[in-house]
Amino acid sequence: MTKASASGKVILFGEHAVVYGRPAIAAPVASLRAWATVTDARPGCGCSVEASDLGRQLLLADAPPDDPLALIVRLTLAELHVDPQPDWHIAVRSQIPIASGLGSGAAVSTAIVRAVAEHVQRPLASAIVARLVYETERLYHGTPSGIDNTVVAYERPMYFTVGREPQMISVGADLALVIANTGVASPTKIAVGDVRKAWQRDPATVNGTFDAIGEIVASARKAIADGDAESLGSLMNENQRLLESLGVSSPLLGRLCAAATEAGAFGAKLSGAGRGGCLVALITTEGVAPVMAALRSAGAVGVLETHIAADG
Ligand code: PMV
């Protein structure tokens, strides 16, 4: 039996603009995970995949080409040049809420790739894992930038630009984050589609917004390297204002961001596609409890603390 896992992720800066060639920064959320277990089955049983948290069970031989679970198993087997119909049972579990901007799809796929590769004792490089998982992201999102599969596959804070080598970023001091879930499921495809319509209607204004977000991302990379939480917080608030102007925030996300900053967070913004899903707030280690309490009383349905560890 071989077991492997993958983390969820949070986008810290640059969502949406990243689809249009600007950079973005994302980090893994190590405490939110998906797991895959590969077990040898009796000869002739074929390959079954069971994802009980998602209410899914399938036989690889019967699954349609656009089934994301079947696709990632097939792609991994092909990458490894092994039997395309092995006698295996693959069980998948995930504690990451779906359609919440926390990378649940990418984490499930990454856990499967890792478990399959380790089962045949041929672990794959992060760049290859990211490339395989990108194909399943396309089924969920249409035209994903690739940031989710990249940060989940590398499991490191990353600076990401479409079409360029992803870069691991330097982190000058530990950063404490609180992630709050609005409880409103928001399909990425819809928010991304609406931003595209806005961009087509008024390219000059929306390109200007994307450029301003790109500049925030560049400043944020430096502030993360310097361990400058105060500047990072202000950059998060500015990024949130620009996301609001793109129409991807919501009254609840706005209220939760305000509640976090009023309770002492350095800054807060939505994370991921927006409209619902999650927000991320940057806080001091001592400030975690009041910010979590404020977010709960302002209507968050789930709140968790996570950290980005300083280098070394
Ligand atoms: O909601 P998520 O985590 O899938 O994030 C989407 C991020 C976007 O920038 C809105 C889309 C993308 O493909 O990068």
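On a predicted model such as this, the values are computed, not experimentally measured, just so you know.

(A) Geometry of the packing of aromatic side chains. Going through the model one piece at a time under the given rule, you end up with two aromatic pairs. Seen in terms of ring centroids, Y20 and W199 are 4.9 Å apart; in terms of plane orientation they differ by 55°. Their pairing is tilted. With Y20 in the loop between β1 (2-13) and β2 (24-40) and W199 in helix α5 (residues 188-201), this residue pair connects regions lying 179 residues apart in the sequence. What makes Y20 buried here is its relative accessible area of 13%. Accessibility expressed as a relative area gives 25% for W199, which makes it partly exposed. With a centroid separation of 4.5 Å and 20° between ring planes, the pair formed by Y20 and F210 is classed as stacked.

(B) Broad picture of the nonpolar core. Membership of the largest hydrophobic core comes to 105 residues, with the highest contact counts inside it found for L12, F13, V73, I90, I112, L279 and L295. Not counting residues up to four positions away in its chain, the partners in contact with L12 are I25, A26, A27, L177, K269, V280 and I308.

(C) Just unusual backbone geometry, in detail. Phi is positive for H81, close to 55°, though the residue is something other than glycine. In this structure, H81 sits in the loop between α1 (68-79) and β5 (88-94). Classification of H81 as exposed rests on a relative accessible area of 71%. Although it is not a glycine, E155 sits at a positive phi angle of roughly 50°. Relative accessible area serves as the criterion here: at 24%, E155 is assigned to the partly exposed category.

(D) How the structure looks around the sheet that holds strand β8 (residues 175-181). Strand order in this open sheet of four strands is β9-β10-β8-β11, and the pairing throughout is antiparallel. Strands at the two margins of the open sheet, each flanked by one partner only, are β9 (267-271) and β11 (302-308). Mean inter-strand twist for the sheet, computed between neighbouring axes without regard to direction, equals 25°. In the sheet, β8 pairs with strand β10 (residues 278-283) via six bridges, with the strands oriented antiparallel. Residue pairing in the sheet places A176 in a bridge with I283 of β10. Most of the contacts of helix α8 (residues 251-262) go to β9, to which it runs at about 155°, and overall it touches β9 and β10. Against the sheet, helix α9 (residues 288-297) contacts β8, β10 and β11, and its axis sits at roughly 150° relative to β11.

Reading guide: rules and limits
Residues numbered from 1 in each chain as written. Predicted model: local features only at pLDDT ≥ 70, side-chain atom pairs only at ≥ 80, totals over all residues. Heavy atoms only, no water. Phe/Tyr/Trp six-rings, centres within 6.5 Å; stacked < 30°, edge-to-face > 60°. Helix = DSSP H or I, 4+ residues; strand = E, 2+ residues; numbered from the N terminus. Buried < 20%, exposed > 50% of the residue type's maximum accessible area, 1.4 Å probe, protein only. Core = buried A, V, L, I, M, F, W, Y, C linked by side-chain atoms within 4.5 Å. Contact = heavy atoms within 4.5 Å. Pairing = 2+ DSSP bridges. Axes fitted to C-alpha atoms, helices over the stretch in contact; angles between N-to-C directions.

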